[in-house]
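Now for the letters of each chain:
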Amino acid sequence: MGWILKPTFFNPNLPPEFLPSELIYKPETYHLYKKTVFESALEEDFLRPWIVKGHTGTGKTTMTVELIREFDGKYGDLKFVYMSMKGIAKRSQFFEHLFRLLLPQSVGLPKKYMKDLSFIGLSQILKDLKIRVLLFIDDAEYLLNKRAFGPDFIHALVRFYTETSEADLKPVLISNKNIVAHLREDTKSSIGPNYFVFKLYNAKDLAEIVKKRVEYCVDKRAFSEDFNEEYFSKYVAAKLVKKVGEIGIAGRGLSRDCLLYTSPSPRDLSTSRMPSSA
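Every chain is numbered on its own, with residues counted from 1 as its sequence reads. Local features in this predicted model are restricted to residues of pLDDT 70 or higher, and side-chain atom pairs are both shown and tallied only at a pLDDT of 80 or more, whereas totals for entire chains, interfaces and linings draw on every residue. Hydrogens are left out, water is left out, and the side-chain values use all remaining heavy atoms of the structure.

Participant: Provide a residue-level description of empty space enclosed by the protein, including the pertinent values.
Facilitator: The rule is simple: put a 1 Å grid over the protein atoms alone, call a set of points where a 1.4 Å probe fits but cannot get out a cavity, call an open set with protein on both sides within 12 Å along at least five of seven lines a pocket, and count a residue as lining if it has an atom within 4 Å of a point. Grid points are joined across faces, edges and corners, and a volume is the space filled by probe spheres set on the points. Applying the stated criterion across every chain, the model contains two cavities of 30 Å³ or more. Approximately 30 Å³ is the volume attributed to the second largest cavity. Every residue lining the second largest cavity is listed: Val37, Ser40, Ala41, Glu44, Phe46, Leu47, Arg48, Trp50 and Leu134. Here a strand is any run of E in DSSP of at least two residues, a helix any run of H or I of at least four, and the numbering for each starts at the N terminus. The dominant element in the lining of the second largest cavity, judged by the number of residues it contributes, is helix α1 (residues 27–43), at three residues.

Participant: With reference to specific residues and values, describe the side chain of Asp139.
Facilitator: Within the secondary structure layout, Asp139 lies in the loop between β3 (132–138) and α6 (151–158). At 2.7 Å, the side chain of Asp139 and the side chain of Ser84 are in polar contact. We define a polar contact as two N or O atoms separated by no more than 3.5 Å, with the added condition that, inside protein, one atom must be a possible hydrogen donor and the other a possible acceptor, whereas residues neighbouring each other in sequence contribute only through side-chain atom pairs.

Participant: An account of the nonpolar core is requested, with residue identities and associated values reported.
Facilitator: In this description, a nonpolar core means a group of buried Ala, Val, Leu, Ile, Met, Phe, Trp, Tyr and Cys residues linked to one another through side-chain atoms lying within 4.5 Å. Buried means the residue's accessible area, taken with a 1.4 Å probe over protein chains only, is under 20% of the maximum for its type, while exposed means over 50%, and partly exposed covers the values in between. Membership of the largest hydrophobic core comes to 36 residues, with the highest contact counts inside it found for Phe94, Leu98, Leu102, Leu122, Leu126, Leu143 and Leu169. Among the elements of the structure, β2 (78–84), α3 (91–102), α5 (119–129), β3, α6 and β4 (168–175) are those that each provide at least two residues to this core. If we ignore the near neighbours within four places in the chain, the residues touching Leu143 are Met85, Phe94, Ile137, Phe149, Gly150, Phe153, Ile154 and Leu173. Residues Tyr30, Leu78, Leu134 and Ile174 belong to the second largest nonpolar core, which totals 22 residues. It only takes one pair of heavy atoms within 4.5 Å for two residues to be counted as in contact.

Participant: Provide a residue-level description of the pattern of salt bridges, including the pertinent values.
Facilitator: A carboxyl oxygen of Asp or Glu within 4 Å of a side-chain nitrogen of Lys or Arg is what we treat as a salt bridge. Evaluated as defined, the whole model comprises ten salt bridges. A salt bridge links Arg48 to Glu44, with the nearest nitrogen and oxygen atoms 3.1 Å apart. Since its relative accessible area comes to 23%, Arg48 is described here as partly exposed. Taking the shortest distance from any N to any O, the salt bridge between Arg132 and Asp77 comes out at 3.4 Å. In this pair, Arg132 is assigned in strand β3 and Asp77 in the loop between α2 (60–71) and β2, connecting sequence segments 55 residues apart. Using a relative accessible area of 29% as the deciding quantity, one classes Asp77 as partly exposed.

Participant: Outline the environment of Phe38, supporting the account with residue identities and numerical values.
Facilitator: Considering the arrangement of structural elements, one finds Phe38 in helix α1. Residue Phe38 is classed as buried on the basis of its relative accessible area, which comes to 0%. Between the alpha carbons of Phe38 and Glu70 there is a distance of 10.0 Å; along the sequence they are 32 residues apart. Not counting residues up to four positions away in its chain, the partners in contact with Phe38 are Tyr33, Thr64, Leu67, Ile68, Phe71, Phe80 and Phe136.

Participant: Can you break down the confidence of the model for the protein chain residue by residue, with the values?
Facilitator: A residue's pLDDT is the confidence the predictor assigns to it, expressed on a 0 to 100 scale. A residue-level look at the protein chain finds 70% of positions with pLDDT of 70 or above and a mean pLDDT of 78. Of all helices and strands in the protein chain, the one with the weakest mean pLDDT is helix α10 (residues 256–259) (48), whereas strand β1 (residues 50–53) scores best (96). Low pLDDT, under 50, characterises residues 1–9; the stretch is placed with 29 contacts to residues that sit more than four places away or in other chains. Predicted confidence is poor over residues 260–266, with pLDDT under 50, and the contacts of this stretch with residues over four places away or in other chains come to 22 contacts.

Participant: Account for α6, naming residues and giving values.
Facilitator: Buried within α6 are the following residues: Phe153, Ile154, His155, Leu157 and Val158. Packing partners of the buried residues in α6 comprise α3, α5, β3, β4 and α7 (185–191).

Structure, rendered in structure tokens:
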């Protein structure tokens, strides 16, 4: 295109204070995910396990964290908890990390719980606190590690119960890989139809994203005076999806920080970046 003067037009040196305060998201996916997984937990007498899948860069982590921030702490005994499997290589680590997430920060982790880092200890915590938990486990493919976890552990997690209606926990397994193929048949039966899929971005989606981020993400010196934002957005989107038709944002040539996320990390629960219109 005549108005592109330099091949590298995304500005790689923007400091955090110049990044946009709101993240980009697909409204239809956000609202469907909210209704299907989160709101259904409020409407039913029992919690259901879920599998959430989709390619890297389709918004699984971002939407999960934003919705947990919106829902957790507002519905009595029902908690929405986020946990990433990255860096967790042992069952004891899994339970210790989970216990710390469940217990109030001011309490710390009492020794009586440290003595039993297992499903038995988990059951005791839930009964003591009288809470029900929808546990969103990100990077769930790490649970397929047979030396530490494996299909039997996942089955125990999916089928976990405490024998009291006041205490319960069900997992929402989030992964960019097909973990279903590695699950036991009775685990699949327990999960049933509870699957949610994050779809890839097509050229139209990407054009909208680029258009909203142009002012933050491009080096204006890379363009001539007849630069047109709409044409530019469609041009970039078409280039990105030329070979495969649809893509995930991450690692595909877009400036991830500029175009999709903002600082801090999408895994940070402290600051919301959802648009007020969401």
